Amino acid sequence: MLQRHSSRRTPLVKTVLTTRLQGAASYDRIAGYFCSSLLEIAGEALEGVRGPVRIVCNSDIDPQDFATASAAQAALRRSWCNSRPETAPPAALPRYQALYRALTSGHLEVRVLPNSAFGLIHGKAGVIRQCDGTASVFLGSVNETAAGWTLNYELVWEDDDPASVEWVQEEFDALWNDARAVDLACCPFIRHDIQRIVERKVIEPSELPLVSDANAAAASAAVETPIYRRDQGLWPHQKYFARIALERHRLGGARLLLADQVGLGKTVQLALAALLMALEQPDGGAILVLAPKSLLQQWQDELLDLLGIPSARWNGNAWIDENDLEYPAKGPQAIGRCPRRIGLVSQGLVVRGQDEVLNQLLGRQYTCVIVDEAHRARRRKVPKVDADPDEIDGCPTPNNLMDFLLKIGLKTTSMLFATATPVQLHPVEVWDLLYMLSYGNDGVLGGKTRSSRWYTASECLAIATGGATVPADDVRDGWEFVRDPLPSRFEGEIFSAIRDKLEAEDSRWQFPPESIGRLPSAFRKVRIRSELLPEFGTRYNPLLRCIVRRTRDYLEREVNPHTGEYYLPRVHVKLFGEDDNSAITLGSYALDAYHEAERFCELLQQRVKSAGFLKTLVLRRLGSSVEAGRRTVLRLLDEYLPEAANDLEDTDDDEYEDDMELAPQGLDRRIVMRELSIAERASLRRCRELLDLAGTRDPKLEAVLHYLLDPVPGSDGRWVDLGCILFSQYYDTVLWMGGELANLEQLADVDIGLYAGSARSGYWHAKTFYPCDRNELKERVRMGNLTLLLGTDAAAEGLNLQNLGTLINIDLPWNPTRLEQRKGRIQRIGQKRREIYIANLRYKDSVEDRVHKVLADRLLQIHNLFGQIPDTLEDVWVHVALQEEAAANKLIDRALKTRNPFDQKYSKVEDADWDTCTKVLNAHSVKQLLMRGW
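The following paragraphs examine the structure supplied in this document.

### As for the overall build of the chain
Then, number 1: Regarding its fold elements, the chain presents 38 helices and 27 strands.
Then, number 2: Counted over contacts in the chain with a minimum sequence separation of 6, partners at least 24 positions apart contribute 77%.
Then, number 3: Carbon together with sulfur atoms contributes 49% to the accessible area of the chain, which is approximately 36900 Å² in total.

The structure is reproduced here in structure tokens:
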């Protein structure tokens, strides 16, 4: 019999749910949108059903999220967290308890369909079967929310006609059995989160230091942050670093070098560590972040977007907070009045060495100082690989940044360094980083007297790299390496036993030589001589104690014992354009122009005996694109107008400001180019004439169109459909390429973004270019409505483009690290695809092509040695460009001789269960605390 129900006449929750479901044998429900409110009301009504309950619903999950089990799990987690179930009122908690019981007992099953399967499920229906064999169905407009059943005006039709029951059952079965439906059971996080919400307790920041376990304290601070409530949350390696940073901070100061490979989320690890340290001192304590200027905005964005942390960045004249509100101030004292607990300052400010400004920064105490791209702080003269120990040992002569860090190290409790390339030329560079960390902390290399054996760089590195060992036969000799500094009890059971016998707190690092006599004889013989000393050098040397370095390869092949899965899902990289036949052939005029540019370099080489960058400027840009080469030649013939200066390097204004003091002999590129000789100018004019004859068509455009629009053999579909970022070193190249692509009919319906420095970003829509802020482009890529993006290398540092699946290098930068940074934009945490595609474009017989032939067989060997390609191999390109093949090969051989101190022992990662953490920090209180200034 057909029955009609109106919420105006009788409450639906009483007529439909309570009455029909009480004692029912089973219940199949097409429930609409998957969210916490759906499960909230279902948990209340389903308690009375005796048999199985099945609910099918839909969500805004991308179909690609179902490609793998881990991707599906992340998508369900994200969909669940987007509804913010942690904000449920206390009255809802009994329903959550019932829901948790139903899910864990197997009484309730839920499957989720992507919207793309059948569209948004507006048709709500249910099949209720009774124990006596009868059945009824209902259909209606009712939404699966408490408001839908109790507050809104809703209409529901109920029918027990067998034909109606069969019809609704068929609809349910079609959705339930659809191959795209994902079982909620595949995401245990949701079950854990429901239980956590039931037991959730909010604590104030002042209570966090009372949580003695560092893991539990870190979980309380992180479990409801934005990054933790979406996708996979924090990965095990990120949680591990946050935990040890807090542990060390509580011992008197964390001094750590985070040397993870590109794309593993160093920023969020450092930011979370900074948050935890700030909360340890609720009443004050400034936190200073020193980073390249090009990364300051990215740092500020990620602090807010990932962790909800307010901060302020210094723009050279004033502080700017997370809302882009400027705090005008005058005089050098202004930099010392940061309006937030966390202040972000450019390293270039330090490099320029303005005493009044530096004194302001050095005139206060800090809770923590964080240094991103810390490899820029270094000794002025790095020794050769085969240097004698006396060239390595002793106090290094620091560059400006290193000198500043040595001073500020005395002013801070904790100091954290980050760099993906800690070794460029010699392992002593990583020892130098530890030397900087040791200032103000006795637990790194030893005490203030510098008498520890670890302060001898050559001996420390020899032990760390396996070239020497800690003496084990003579306990007193071996004890010299152990006693200063003595590792904390957190670093091993043996140190807990030693400290117990010495009655020493963990905050004490130094012990006199005679302290070995305070240990029982049997303990010295068994535990020290037989167990500790033979492995001390390989397990507990300062590099291992203070450096955390994980590679993507390690995390993708090591199994997490807690989950039985890899620590990171593997993202395989498939390269295109690598074989010799893939080089792009230039037309005859363009090729002649390239050869003329080589002649110009030779002429410049005769006049300028240093500064390889300047001598090869035209070749670099012509190797990028014909258009970039043409514009460079025109600018040089116009005597390099000052207003065009920024156009020759298309990165943020001072991306390399921190290396200014290393410029060869202080050469000014403007002066060099303004004083072109008659022969040099004649060569440039000839190059310009040939480029004019070559026309505007560039074969690199044809190659790009092939990858974007054609089914590329070996790849899964057209790259434009998979999402693509095209990189170049130069703004001229990406501006030209973007304009050409925007005028193509095949891409008429595709918006094309341009991500660059110096406020030159924007996008093409319907062939018209619209300027916009870079953050708008990032958000559009994240939301999935911008899938084709061009970027200069200003976009390659810190930008997250994991929604894109392909990358085209329009040119190959002569600094190999930039290639790693570009790849790291899509091969990073959060990439949905298990395989990404990268194409490298180069002109045949160009410098890039010749270098490719020289390095191709040895790049993998160098990469495996360092974890990535060192910046210093940029000189290989210069030598090849200047026809100095012998010098290029010598530099490569030198790199291969360098002994990399890092191996698998540095890949420290431990998982911890933060999902079930019930103590949660009051987010409002945390924000208010961090809003206080210095």
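### Side note on the sheet that holds strand β17 (residues 412–418)
Then, number 1: The strand order across the open sheet built from 9 strands is β14-β13-β12-β15-β11-β16-β17-β10-β18, with neighbouring strands paired in mixed fashion. Each edge of the sheet is formed by a strand with only one pairing partner; in this case those strands are β14 (326–327) and β18 (547–548).
Then, number 2: Packing of helix α11 (residues 266–280) onto the sheet brings it into contact with β10 (255–258), β11 (286–291), β16 (366–372) and β17, and relative to β17 it is tilted by some 175 degrees.

### Some details on helix α21 (residues 521–539)
Then, number 1: Where α21 bends most, the angle comes to about 50 degrees, and this point is L532, followed within four residues by the proline P534.
Then, number 2: For α21, the full list of buried residues reads F523, R527, I528, L532, L533, F536 and G537.
Then, number 3: Next to the buried residues of α21 lie α18 (457–464), α19 (475–482) and α20 (493–502).

### Observations concerning the sheet that holds strand β2 (residues 26–33)
Then, number 1: The 8 strands are arranged β1-β7-β6-β5-β2-β3-β4-β8 in an open sheet whose pairing can be described as mixed. Among the strands making up the open sheet, the edge pair consists of β1 (3–6) and β8 (182–183).
Then, number 2: In the packing of helix α7 (residues 162–176) onto the sheet, contacts are made with β2, β3 (53–59), β4 (108–114), β5 (124–129), β6 (135–140) and β7 (155–159), and the angle to β3 comes to roughly 60 degrees.

### Considering the packing of helix α26 (residues 617–624) against helix α27 (residues 626–637)
Then, number 1: The N-to-C vectors of α26 and α27 enclose an angle of 150 degrees; their axes lie 5 Å apart at closest approach. Judged on the interaxial angle alone, α27 and α26 are roughly antiparallel. In this structure, the crossing between α26 and α27 has a hand that is right-handed. When α26 is examined against α27, the residues V618, R621 and L622 are found in contact with a partner set consisting of V626, A628, G629, T632, V633, R635 and L636.
Then, number 2: The residue inventory of the contact of α26 with α27, partitioned by class, reads 6 nonpolar, 2 polar and 2 charged.

### A word on the environment of V345
Then, number 1: Locating V345 in the fold gives a position in strand β15 (residues 342–346).
Then, number 2: Counting along the chain gives 32 residues from V345 to R313, while the straight-line C-alpha distance between them is 6.0 Å.
Then, number 3: Contact partners of V345, with chain neighbours within four places excluded, come to L288, V289, L290, A291, L296, W314, W319 and I335.

Rules and cut-offs
Residues take numbers from 1 onward in each chain, read along the sequence in its written order. Thresholds applied to this predicted model are a pLDDT of at least 70 for local features of residues and 80 or more for the giving and counting of side-chain atom pairs; totals over whole chains, interfaces and linings are not thresholded and use all residues. Only heavy atoms go into the side-chain values, all of them from the structure, while hydrogens and water stay out. Elements are defined by DSSP. Helices are runs of H or I of four residues or more, strands are runs of E of two residues or more, and each kind is numbered from the N terminus. Contact between two residues is taken to exist if any of their heavy atoms lie within 4.5 Å; hydrogens are not considered. Only the protein chains shown count as covering a residue, and every accessible area follows the Shrake-Rupley method with a 1.4 Å probe. A pair of strands is labelled paired if DSSP reports no fewer than 2 bridges between them. Lines are fitted to the C-alpha atoms to define the axes, a helix being fitted only along its stretch in contact, and any angle between axes, read from their N-to-C directions, falls within 0 to 180 degrees. In this analysis the local bend is the angle between axes fitted, respectively, to the seven residues ending at and the seven residues starting at the residue. To sort residues, take the accessible area from a 1.4 Å probe on protein chains only and compare it with the maximum for the residue type: under 20% means buried, over 50% means exposed, and anything in between is partly exposed. Throughout this description, any angle smaller than 35 degrees is read as roughly parallel, any larger than 145 degrees as roughly antiparallel, any in the 65 to 115 degree range as roughly perpendicular, and the remainder as oblique. For any pair of crossing helices, the crossing counts as left-handed if the nearer helix is rotated counterclockwise from the farther one by less than a right angle, and right-handed if it is rotated clockwise. Charged means Asp, Glu, Lys or Arg here, nonpolar means Ala, Val, Leu, Ile, Met, Phe, Trp, Tyr, Cys or Pro, and polar covers whatever is left, Gly included.

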